[in-house]
Amino acid sequence: MVALGGATRPRGRSLRTSTRIYTVVGLFALFASFPFLWAIVTMFKTDPDLYNAKNNPFLYNQPPTLSHIGLLFQQTPYLTFVRNTVVIGALVVLITLALAIPAAYALARLTGRWGGRIGVLIFLVYLIPPTLLFIPMSRMIASMRLQDTIWSLVVVYPTFTVPLSTWLLSGFFKSIPRDVEEQAQVDGYSRFQSFVRTVLPLALPGIFTVVVFAFTLTMHEFIYALAFVASSDHMTISVGVPTNLVRGDVFFWQSLMASAVIIAVPVALIYNFFLDRFVQGFTMGAVKG
């Protein structure tokens, strides 16, 4: 009887601990998902239902409607904004990887004890506020005659994606043992071949982190996108949607929410699908470096 009671107590204690943990996690999950739930409910509401203060904001007091989604796709160049954002994001990611990977590898392997200090200096460049760089960037874009084109953003965005990406990847490369490369070189590979065949496959979590970071940053950036692009044909989502759906003191809230949900859902799915690699890339790049 004593043994049975002793075995029951740890089980009960473990059950209470698990209940508390799941309760706290559930509350945090509800808090984090509340803006998405609010946006999904709002995007299908009619104007009388949304603007009547007596109506329940969390329920449909009138039948839901798809008219606001139709307004988003038919009366605004929303698909053009999406296309521009994807094109700019893809090009910025390619430029970031082309510059950050060799720079990070050089800091991790070829600079000795100065690599960490140089990496910190590169990271400090990322911390410079965009407002301080706005005027010199404007002069640079004007001299290159890239005003009001997507290429102005393709040129500007790597200036703040490359520094942080280099810092993250340098820490990740440092976490990869040198023995892997040395063994490949003993087998007859050059340094470049050993890097491509042995280091890059092991660095995929860090590279994926850089890809996600660079792409999402280009999606959300607002200051440069507003300053360098004026025509709707070249705008990104972050600027084009509010420019077309906020007209004076009139806010098309349902269409604004629909645009946010349409973009947020694919990004959220990608984050969750690759969550393990994303966390591994950030933790190893930040801690090991």
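Rules used throughout
- Residues numbered from 1 in each chain as written.
- Predicted model: local features only at pLDDT ≥ 70, side-chain atom pairs only at ≥ 80, totals over all residues.
- Heavy atoms only, no water.
- Helix = DSSP H or I, 4+ residues; strand = E, 2+ residues; numbered from the N terminus.
- Buried < 20%, exposed > 50% of the residue type's maximum accessible area, 1.4 Å probe, protein only.
- Contact = heavy atoms within 4.5 Å.
- Salt bridge = Lys/Arg side-chain N within 4 Å of Asp/Glu carboxyl O.
- Expected span 1.5 Å × (residues − 1).
- Arc of directions from axis to C-beta.
- Core = buried A, V, L, I, M, F, W, Y, C linked by side-chain atoms within 4.5 Å.
- pLDDT = per-residue confidence, 0-100.
- Phe/Tyr/Trp six-rings, centres within 6.5 Å; stacked < 30°, edge-to-face > 60°.

**Overview of the overall build of the chain**
Here's step 1: Along the chain, the regular secondary structure elements total 15 helices and two strands.
Here's step 2: The proportion of buried residues among the 289 residues of the chain is 36%.
Here's step 3: The long-range fraction of contacts in the chain, counting pairs at least 24 apart against all pairs at least 6 apart in sequence, stands at 73%.

**Section: the pattern of salt bridges**
Here's step 1: Here the structure, examined in full by the defined rule, presents one salt bridge.
Here's step 2: Residue Lys45 pairs with Asp49 through a salt bridge whose shortest N-O separation is 3.9 Å. Residue Lys45 shares its accessibility class with Asp49, and that shared class is buried.

**Quick notes on helix H10 (residues 191-202)**
Here's step 1: For H10, built from 12 residues, the straight-helix expectation of 16 Å at 1.5 Å per residue is met to within 8% by its first-to-last C-alpha distance of 16 Å.
Here's step 2: The set of residues buried in H10 consists of Ser194, Phe195, Thr198 and Val199. Buried residues of H10, seen end-on, are gathered within an arc of 120° and therefore sit on one face of the element. Along H10, the residues that are exposed and aim more than 90 degrees away from the buried face are Phe192 and Arg197.

**Thoughts on the nonpolar core**
Here's step 1: Residues Ile88, Leu153, Val156, Tyr157, Tyr224, Phe228 and Val241 are the most contacted members of the largest nonpolar core, which totals 32 residues.
Here's step 2: Mapped by element, the contributors of at least two residues to this core are helix H1 (2-43), helix H3 (67-74), helix H4 (78-109), helix H6 (130-143), helix H7 (150-156), helix H12 (223-228), helix H13 (237-245) and helix H14 (253-273).
Here's step 3: Not counting residues up to four positions away in its chain, the partners in contact with Val241 are Tyr78, Phe81, Thr236, Leu256 and Ser259.
Here's step 4: Counting 17 residues, the second-largest nonpolar core is a separate cluster that includes Leu97, Ala104, Phe172 and Val199.

**Some remarks on unusual backbone geometry**
Here's step 1: Backbone geometry at Arg145 places phi at a positive 60°, although glycine is not the residue there.
Here's step 2: Within the secondary structure, Arg145 sits in the loop between H6 and H7.
Here's step 3: What makes Arg145 exposed here is its relative accessible area of 75%.
Here's step 4: Here Asp148, not a glycine, exhibits a phi torsion of approximately 60°, which is positive.
Here's step 5: Locating Asp148 in the fold gives a position in the loop between H6 and H7.
Here's step 6: Take Asp148: its relative accessible area is 26%, and that puts it in the partly exposed class.

**Considerations on the confidence of the model for the chain**
Here's step 1: The share of residues in the chain with pLDDT of 70 or more is 88%, and the mean pLDDT across the chain is 82.
Here's step 2: Mean pLDDT per element in the chain: helix H15 (residues 275-287) is the minimum at 56, and H7 is the maximum at 92.
Here's step 3: Contacts for the low-pLDDT stretch residues 285-289, under 50 throughout, to residues beyond four places or in other chains number 12 contacts.

**Some points on the packing of aromatic side chains**
Here's step 1: Applying the stated criterion across every chain, the model contains 11 aromatic pairs.
Here's step 2: Measuring from ring centre to ring centre gives 6.0 Å for Phe173 and Phe195, while their planes differ by 70°; the resulting arrangement is edge-to-face. Here Phe173, found in helix H8 (residues 158-174), pairs with Phe195, found in helix H10; they are 22 residues apart in sequence, far enough to count as distant.
Here's step 3: We classify Phe173 as buried; its relative accessible area is 0%.
Here's step 4: Here Phe195 falls in the buried class, since its relative accessible area comes to 10%.
Here's step 5: Ring plane angle 5° and centroid distance 5.6 Å describe the contact between Tyr224 and Phe228, whose orientation is recorded as stacked. Remark: Phe228 and Tyr224 occur in helix H12; sequence separation between them is four residues, near one turn of the helix. Accessibility assignment for this pair places Tyr224 and Phe228 in one class, buried.
Here's step 6: One aromatic cluster in this structure is built from Tyr157, Phe160, Tyr224 and Phe228.

**Some points on the environment of Ala184**
Here's step 1: Mapping Ala184 onto the fold places it in helix H9 (residues 178-186).
Here's step 2: You can call Ala184 buried: its relative accessible area is 5%.
Here's step 3: Ala184 sits 14 residues away from Thr198 along the chain, and the two C-alpha atoms are 7.5 Å apart.
Here's step 4: Beyond its immediate chain neighbours, meaning those up to four positions away, Ala184 contacts Tyr189, Ser194 and Thr198.

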